[in-house]
Amino acid sequence: MISVTNTKDLYDTYGMQVGDQVVREVAKRIIGVIDENAFIGRLDSGTFAICFEDGFTAFMVQERMNQILAMLKLMNVTETLTVSLRVSVGMAFYPDDCAGPDELMACAIAALAKGTKAFHDTVTRYSPHMTMELQRRRNIQSQLTKALSNQEFRLFYQPQFCAGANTLRGFEALIRWESPDSGLVGPNYFIPLAEENGLIVPIGEWVLIEACQQAVRWKPIFGDRFIMSINISCMQFMSASFVDLVKSLVVELELQNMLEIEITESIFIGEHKEAHLALGQLHALGVKIALDDFGTGYSSFNYLKSLDLHTLKLDRSFIARIDMNGSDAKIAECIIHMASVLGMETIAEGVEKSEQLEMLTKMGCQTVQGYLTGRPIPPDEIVSRYARHG
Ligand code: C2E
Ligand code: CA
Ligand code: CA
């Protein structure tokens, strides 16, 4: 099974005509490599299945797959356009891995899924633990669907403080799953799985509505100047109804200038025009936009100057090193300075030690968030602990 995993991005970026042309060229190149006694079929826009007849050893198949991978890396679509393809290959064998054709397909899909998740440009051979892993993921995904209808999700809130002054800036809403079987489950466990099957969109909508309603309940306690910060996954941000939902919440609940959307730079990979458009609309509504986890990934300064961003969140992994390592401290200081020149606020995430707080304050970082100033806790505890800061 061969999959060009960035096919959708290619269609989104270059349009239908170029997308189709790339897929046709991929098929042509695969056919050029495989022998007469193999069958090839297209399963979806960027996925092809190849079935080799009896007599092909694992070594022979692997060799051909490596050849295909090498040929698909870069593709000249026109004289001026070269695209880079991300390709994964999953391999399974009958009768070594399975009992029949349906199972053979399922095993190849499991190997492909494993390869796509872990690395690109590699050939992944099926092993039985992959079926177990796929089954485990499907089980959790079906539990998540039930969790949504059974209202098992909760929001915890973590305070953000102005560095130096100890005044409350606002709260970041962080989802938890109160599972009847496993107790309180953190988002790193289930958000990636919800993103994988699209469930993140309804879960994210629940988060958005719940956090906005919480902000309304807290107005009499903390005033109407605190900020409610909400994490938004790429898929949710790109969903058709997202901006309209934010708009109706801001207007109906009177949350102008109180809402902040935390996004990551993955949203802008592939130059999504829709993402830029949505950002502009949110900005016009008085919704702040924070770029989360800055310092990981590409951390392109291009985004900072070209987008309507209000806040830069310096990643926790980065903050963890600033008091140990001179060069990380210098980089942090430069980022804070640059953000301030561009008119942006910087929030340092994961501040755990008073030395870090002190250093960040000296560097001009406006806001801090971390275990030092407060862990994520349920909303009733937020009130009893922080009401005096309102
Ligand atoms: P994030 O947006 O970077 O959130 C900060 C994470 O760091 C939170 O983990 C928080 O509990 C943790 N944290 C805060 N201060 C400290 C500290 O001083 N030290 C350490 N070691 N950790 C600290 P959490 O709650 O487990 O969330 C993990 C990630 O899950 C979040 O990372 C975010 O990407 C995602 N997430 C959480 N809630 C939502 C949500 O409602 N929607 C979406 N799409 N993603 C969410
Ligand atoms: Ca966040
Ligand atoms: Ca973060």
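See above for the structure.
Because the structure is a prediction, the values reported are computed rather than measured. (Residues numbered from 1 in each chain as written. Chains lettered and ligands numbered in written order. Predicted model: local features only at pLDDT ≥ 70, side-chain atom pairs only at ≥ 80, totals over all residues. Heavy atoms only, no water.)

Participant: In this structure, what is going on with helix 6 (residues 187-196)? I would like to understand it.
Facilitator: The periodicity of an α-helix, 3.6 residues per turn, causes residues three or four places apart in sequence to face the same way. Along helix 6, the residues classified as buried are F190, I191, L193 and A194. Backbone geometry just after helix 6 places G198 at a positive phi near 85°. (Buried < 20%, exposed > 50% of the residue type's maximum accessible area, 1.4 Å probe, protein only. Helix = DSSP H or I, 4+ residues; strand = E, 2+ residues; numbered from the N terminus.)

Participant: Could you clarify how one ought to interpret the coordination of the calcium ion (ligand 2) in this entry?
Facilitator: Under perfect tetrahedral coordination by four donors, a metal shows angles of 109.5 degrees; under perfect octahedral coordination by six donors, it shows angles of 90 or 180 degrees. Within the protein, the calcium ion (ligand 2) binds to E172 (OE), N231 (OD1), E262 (OE) and D292 (OD); these donor distances fall in the range 2.1 to 2.3 Å. Positions of the donor residues of the calcium ion (ligand 2), expressed as sequence spacing, correspond to E-x58-N-x30-E-x29-D. (Donors = N, O, S within 2.8 Å, 3.2 Å for Na, K, Ca; no water.)

Participant: I would appreciate a short explanation of the environment of I267 in the present structure.
Facilitator: Structurally, I267 can be placed in the loop between strand 12 (259-263) and helix 10 (273-284). Linking I267 and F237, residues 30 residues apart in sequence, is a C-alpha distance of 8.0 Å.

Participant: Where do I start with the nonpolar core in this structure?
Facilitator: Nonpolar side chains tend to gather and get buried jointly when the protein is soluble and globular. By size, the foremost hydrophobic cluster in this structure holds 80 residues, and its most contacted members are F237 and L360. With 10 residues, helix 7 (residues 200-222) is the single largest residue contributor to this core. Every residue in contact with F237, bar those within four places of it in the chain, is listed here: I232, F242, I263, I267, A275, A278, L279 and L282. Listed in part, the 32 residues of the second largest apolar core include V4, V23, A38 and V83. (Core = buried A, V, L, I, M, F, W, Y, C linked by side-chain atoms within 4.5 Å. Contact = heavy atoms within 4.5 Å.)

Participant: Is there a simple way to think about the site of ligand 1 in this case?
Facilitator: Around ligand 1 sit 21 residues in total, of which Q158, R176, S233, E352 and Y371 are the nearest. Take N231: an N or O atom from its side chain is 3.1 Å from an oxygen atom of ligand 1. Between S233 and ligand 1, the recorded distance is 3.0 Å, taken from a side-chain N or O atom to a nitrogen atom. Taken by itself ligand 1 offers 800 Å² of open surface, and the protein chains cover 85% of this. Breaking the shell around ligand 1 down by element, the ones donating at least two residues are strand 9 (168-179), helix 6 and strand 13 (288-294). When residues of the shell around ligand 1 are assigned to their parent elements, the largest contribution, four residues, is made by strand 9. (Near = heavy atom within 4 Å. Polar contact = N/O pair within 3.5 Å; in protein donor to acceptor, adjacent residues only side chain to side chain. Areas by Shrake-Rupley, 256 points an atom, 1.4 Å probe, with all protein chains shown as cover.)

Participant: It is not clear to me how the coordination of the calcium ion (ligand 3) should be interpreted in this structure. Could you clarify?
Facilitator: Looking at the calcium ion (ligand 3), the protein donor atoms are D292 (OD), D293 (OD), E349 (OE) and E349 (OE), and they sit 2.2 to 2.5 Å from it. Between the calcium ion (ligand 3) and the calcium ion (ligand 2), a separation of 3.9 Å is found, and both are coordinated by D292. Here E349 lies in the loop between strand 15 (345-348) and helix 14 (354-363) and D293 lies in strand 13, a separation of 56 residues in the sequence.

Participant: What am I meant to see in the pattern of salt bridges here?
Facilitator: It is possible for side chains bearing opposite charge to pair when their charged atoms get close. Per the counting criterion, the structure on display carries 17 salt bridges. In this structure, the salt-bridge partner of D97 is R125, at a minimum N-O distance of 3.5 Å. Taken together, the positions of D97 in the loop between strand 6 (87-91) and helix 4 (101-118) and R125 in strand 7 (residues 122-125) put the pair 28 residues apart, joining distant regions of the chain. A residue is classified by how much of its surface remains accessible, and D97, at 18% relative accessible area, is buried. The partly exposed category is assigned to R125, whose relative accessible area is 35%. A salt bridge links K313 to E349; its shortest N-O distance comes to 3.8 Å. With K313 in strand 14 (residues 311-314) and E349 in the loop between strand 15 and helix 14, this residue pair connects regions lying 36 residues apart in the sequence. What emerges from the salt-bridge pattern is a single network uniting E133, R136, R137 and E196. (Salt bridge = Lys/Arg side-chain N within 4 Å of Asp/Glu carboxyl O.)

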